[in-house]
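# A look at the structure
Below, each chain spelled out in residue letters.
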Amino acid sequence: MSESSFDLQSWLQQQGVSAQQASGRLFCKWLAADQLERLQAEAEGLDALIPCAGSVVLPRPLALGVAEGRALLVLDWLDLAGGDRAGWERLGRGVAQLHRRSLELTPAPGLFGWQGDRWIGAGIQRGGWQRSWGTFFAQQRLADQFQRLAAQGVRCPQSERLLELLPPWLEQHQPDPCLVHGDLWPGNASVLRDGRPCLYDPAVSFSDREVDLAMARMFGGLPEAFFEAYNDEWPLPAGAEQRLIAYNLFHLLNHANLFGGSYIEQSRRSIEALLRML
């Protein structure tokens, strides 16, 4: 897209954004035009989370469309500042409260999933609905990733055994279907300059709330103050540390499909660790 030829303010006004808002500081994401679905999924996720957000700030999707051969998503600007311990504690409490509020908004009570396939980064996150959390996670999360790896010629020994044993193990847990951010690694959470906690770039579904807490420990992890505050607000049930290995296997497999390399071996080690527990 040529910056000199494209008038973003005019385009925003054509999308229904006020002239005052269009002239302010905004955040614009763009991809190739054929990738519009990825931005649509992000906007849909933000719209779903915002009613539950409470004290947690999420950017509003202001405009979505195609212009000059690019898919565009324009969002509120977030004035990120990192944050001190108090800020991360506010985020931990806020995410726990968001999870609780979402229990009142489940479109299909007692069901896990989402309406159709969506994106998590550049990978696919399978949708559909299941009453069994164990079946949903094994089939719509792990089995799909194993199939994608196999199509690339990468085999994960004992994956079939894991898919057989995992559902009944997870069924013992019996979580409620909460609306989760779904991609809550440290790169998608922060604290604003005014001290308010914020989230962005979600991959939502109705899932066990522990999937958010599990991913928040990946790739360096959020500060421990976040987890302490979450647990003070809504304590995690027994066994969360073991389930974390299963939940983060999905992200390792997704990264193995996208990037290969060490993620393949990390996935295999996680499978072995899980089978020793089951």
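Structure: see above.
Residues numbered from 1 in each chain as written. Predicted model: local features only at pLDDT ≥ 70, side-chain atom pairs only at ≥ 80, totals over all residues. Heavy atoms only, no water.

Below, the discussion takes up the sheet that holds strand 2 (residues 61-67). Here three strands make up an open sheet; going across it, the order is 1-3-2 and the pairing antiparallel. In this open sheet, the two edge strands, each paired with only one partner strand, are strand 1 (26-32) and strand 2. Taken pair by pair, the neighbouring strands of this sheet meet at an average axis angle of 15°, ignoring direction. (Pairing = 2+ DSSP bridges. Helix = DSSP H or I, 4+ residues; strand = E, 2+ residues; numbered from the N terminus. Axes fitted to C-alpha atoms, helices over the stretch in contact; angles between N-to-C directions.)

Taking 1.5 Å as the rise per residue, helix 4 (residues 85-102) with 18 residues should run 26 Å; its terminal C-alpha atoms sit 26 Å apart, in good agreement. Listed as buried for helix 4 are Gly87, Trp88, Leu91, Gly92, Gly94, Val95, Ala96, Leu98, His99 and Ser102. (Expected span 1.5 Å × (residues − 1). Buried < 20%, exposed > 50% of the residue type's maximum accessible area, 1.4 Å probe, protein only.)

This next bit is on the layout of surface pockets. The space that makes up the largest pocket amounts to roughly 410 Å³. If you go around the largest pocket, you meet 23 residues; those closest to its centre are Ile120, Gly121, Ala122, Asp183 and Asp201. Of all elements in the fold, only strand 1, helix 3 (36-49), strand 5 (118-120) and helix 9 (240-259) reach the threshold of two or more residues within the lining of the largest pocket. Residue contributions to the lining of the largest pocket peak at five residues, all from helix 9. Partitioning the lining of the largest pocket into residue classes produces 13 nonpolar, five polar and five charged. (1 Å grid on protein atoms, 1.4 Å probe; cavity = no way out; pocket = protein on both sides within 12 Å on 5 of 7 lines; lining within 4 Å. Points joined across faces, edges and corners; volume = space filled by probe spheres on them. Nonpolar A, V, L, I, M, F, W, Y, C, P; charged D, E, K, R; others polar.)

So, about empty space enclosed by the protein. Within this structure, the stated rule accounts for two cavities of 30 Å³ or more. Lining the largest cavity are 13 residues, with Gln125, Arg141, Val211, Phe250 and His251 positioned closest to its centre. For the lining of the largest cavity, the secondary structure elements donating two or more residues are helix 5 (133-151), strand 11 (205-207) and helix 9. Residues belonging to the lining of the largest cavity are distributed by class as follows: seven nonpolar, five polar and one charged. Computed from the structure, the second largest cavity encloses a volume of approximately 40 Å³. Forming the boundary of the second largest cavity are Ala41, Glu44, Gly45, Trp114, Arg118, Trp119, Gln125, Pro202, Ala203 and Val204. Those elements that place two or more of their residues in the lining of the second largest cavity are helix 3 and strand 5.

Moving on, we come to the packing of helix 6 (residues 159-171) against helix 9. One way to put it is that helix 6 packs onto helix 9 with a least axis distance of 12 Å and a crossing angle of 130°. Judged by the angle between their axes, helix 6 and helix 9 are oblique. Here the hand of the crossing between helix 6 and helix 9 comes out left-handed. Residues Leu162, Leu166, Trp169 and Leu170 of helix 6 pack against Gln242, Arg243, Ala246, Tyr247 and Leu249 of helix 9. Partitioned by chemical class, the residues of the contact of helix 6 with helix 9 number seven nonpolar, one polar and one charged. (Parallel < 35°, antiparallel > 145°, perpendicular 65-115°, else oblique. Left-handed = near helix turned anticlockwise from the far one by under 90°. Contact = heavy atoms within 4.5 Å.)

For the rest of this paragraph, the subject is the pattern of salt bridges. Inspection of the entire model under this criterion finds 13 salt bridges. For Glu42, the salt bridge identified is with Lys29, shortest N-O distance 2.7 Å. Of this pair, Glu42 sits in helix 3 while Lys29 sits in strand 1, and the two are 13 residues apart along the sequence. Taking relative accessible area as the criterion, Glu42 reaches 5% and is therefore assigned buried. By relative accessible area, which is 23% here, Lys29 ends up partly exposed. As a salt-bridge pair, Glu224 and Arg217 come within 3.3 Å of each other at their nearest N and O atoms. The class for Glu224 is partly exposed, based on a relative accessible area of 41%. (Salt bridge = Lys/Arg side-chain N within 4 Å of Asp/Glu carboxyl O.)

Shape is all these values report; function is a separate question.
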